[in-house]
Amino acid sequence: MTEENESEVIRLSETDPQFKYELSKNSEIENLMLCMQCGTCTADCPVARFSGTYRPLKMLRMALLGMKSDVLSADELWLCASCYTCTDRCPRGVEFASVLRVLRNIAVGEGYIPDGFKELGLNVLETGYAYEISDSRMRKRENAGLPPLPKSNSKSIARLAKLVGFLKQVKKREGGK
Ligand code: SF4
Ligand code: SF4
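None of the values given here were measured: they were computed from a predicted structure. (Residues numbered from 1 in each chain as written. Chains lettered and ligands numbered in written order. Predicted model: local features only at pLDDT ≥ 70, side-chain atom pairs only at ≥ 80, totals over all residues.)

Draft legend 1. Structural view of the overall build of the chain. Across its full length, the chain carries 12 helices and 0 strands. Listing each helix as α and each strand as β along the chain from the N terminus yields α-α-α-α-α-α-α-α-α-α-α-α. A globule of 177 residues ought to have a C-alpha radius of gyration of about 16 Å, yet the chain, at 20 Å, is considerably larger. By its C-alpha atoms, the chain is 60 × 40 × 35 Å across when sized along the principal axes. Looking at the chain as a whole, 19% of its 177 residues are labelled buried. For the chain, long-range pairs separated by at least 24 residues make up 69% of all intrachain contacts whose partners lie at least 6 apart in sequence. (Helix = DSSP H or I, 4+ residues; strand = E, 2+ residues; numbered from the N terminus. Rg over C-alpha atoms; globule rule 2.2 N^0.38 Å. Buried ≥ 20, exposed ≤ 12 C-beta atoms within 10 Å, placed from the backbone. Contact = placed C-beta atoms within 7 Å.)

Below is the structure:
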């Protein structure tokens, strides 16, 4: 067996057979078990069209096969644009976009947050904006006659971050994904 094939082997002993049942119990997910692997979700996904690796059906199969840690730690989990095309076109009514949202929430709970998202969250916490807005950009707005940007409510943001345990999650895997 080549090294490449070896990395594609799915070891049952490393899977969690209960994972699909746990997901199915989530009220946000409908018809998870009804997937017939037709591939429509992947064929119609606008992200899959431009990504060499993101395949909605693959993510779904990984979840159904109990490859919990693989699916939760996959970079691809964060590529979905939540456009709901897959959900609209699925002939079996599988709410894939919701499955992915739930998977992301579980991933965050287990400390898998990609650095980019972590940074965006911390920016929002510190400045109220996802991206730092430079003084030169502010001046450009002013020169163009645009009104000042609304001030963020940092107290509310901090309260919300505390409520959802954002900082705790960020610290869980400092330097990790
Ligand atoms: S479109 Fe629906 S049934 Fe077809 S593979 Fe995707 S989730 Fe499964
Ligand atoms: S919701 Fe996500 S997975 Fe579904 S079609 Fe849109 S980008 Fe693709």
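This is not the end of the story, as more comes after the structure.
Draft legend 2. Focus on the environment of asparagine 26. Within the secondary structure layout, asparagine 26 lies in the loop between α2 (19-25) and α3 (40-44). Separated by 73 residues in sequence, asparagine 26 and valine 99 have C-alpha atoms that sit 9.1 Å apart.

Draft legend 3. Seen up close, the domain arrangement of the chain. By domain assignment, the chain separates into domain 1 (3-109) and domain 2 (115-172). Distance between the C-alpha centres of domain 1 and domain 2: 30 Å. (Domains from an automatic or database assignment.)

Draft legend 4. Inspection of the nonpolar core at higher detail. With 28 residues, the main nonpolar core has Ala63, Val71, Phe96, Leu100 and Leu103 as its most contacted residues. At the level of elements, α5 (56-64), α6 (68-72) and α8 (96-109) are the ones that each hand at least two residues to this core. Broken down by element, the residue count for this core peaks at 7 residues, all from α8. Setting aside chain neighbours within four positions, we find phenylalanine 96 in contact with Cys41, Pro56, Leu60, Cys86, Thr87 and Cys90. (Core = buried A, V, L, I, M, F, W, Y, C linked by C-beta atoms within 7 Å.)

Draft legend 5. Looking closely at the site of ligand 2. In the region of ligand 2, 13 residues are neighbours, and Cys45, Cys80, Cys83, Cys86 and Ala97 sit closest. Those elements giving two or more residues to the shell around ligand 2 turn out to be α4 (46-50), α7 (85-89) and α8. Partitioned by chemical class, the residues of the shell around ligand 2 number 11 nonpolar, 2 polar and no charged. (Near = placed C-beta within 6 Å. Nonpolar A, V, L, I, M, F, W, Y, C, P; charged D, E, K, R; others polar.)

Draft legend 6. Quick look at the environment of leucine 120. When you line up the elements, leucine 120 lands in helix α9 (residues 115-127). Separated by 39 residues in sequence, leucine 120 and arginine 159 have C-alpha atoms that sit 17 Å apart.

Draft legend 7. Main features of the site of ligand 1. Within the structure, ligand 1 sits among 14 residues, and Cys35, Cys38, Thr40, Cys41 and Cys90 are positioned closest to it. Sorting the residues of the shell around ligand 1 by element identifies α3 and α5 as the ones contributing at least two each. The residue inventory of the shell around ligand 1, partitioned by class, reads 10 nonpolar, 3 polar and 1 charged.

Draft legend 8. Seen up close, helix α10 (residues 135-143). When you tally the buried positions in α10, you get 0 out of 9 residues, a small fraction of the element. Glycine 145 occupies a position one or two residues after α10 and carries a positive phi of about 80°.

Draft legend 9. Highlighting the environment of leucine 125. With respect to the secondary-structure elements, leucine 125 resides in helix α9. You can call leucine 125 partly exposed: it has 18 C-beta atoms within 10 Å. Along the primary structure leucine 125 and alanine 43 are separated by 82 residues, whereas in three dimensions their C-alpha atoms are 37 Å apart. The contact partners of leucine 125, leaving out residues within four places of it in the chain, are Ile157, Ala158 and Ala161.

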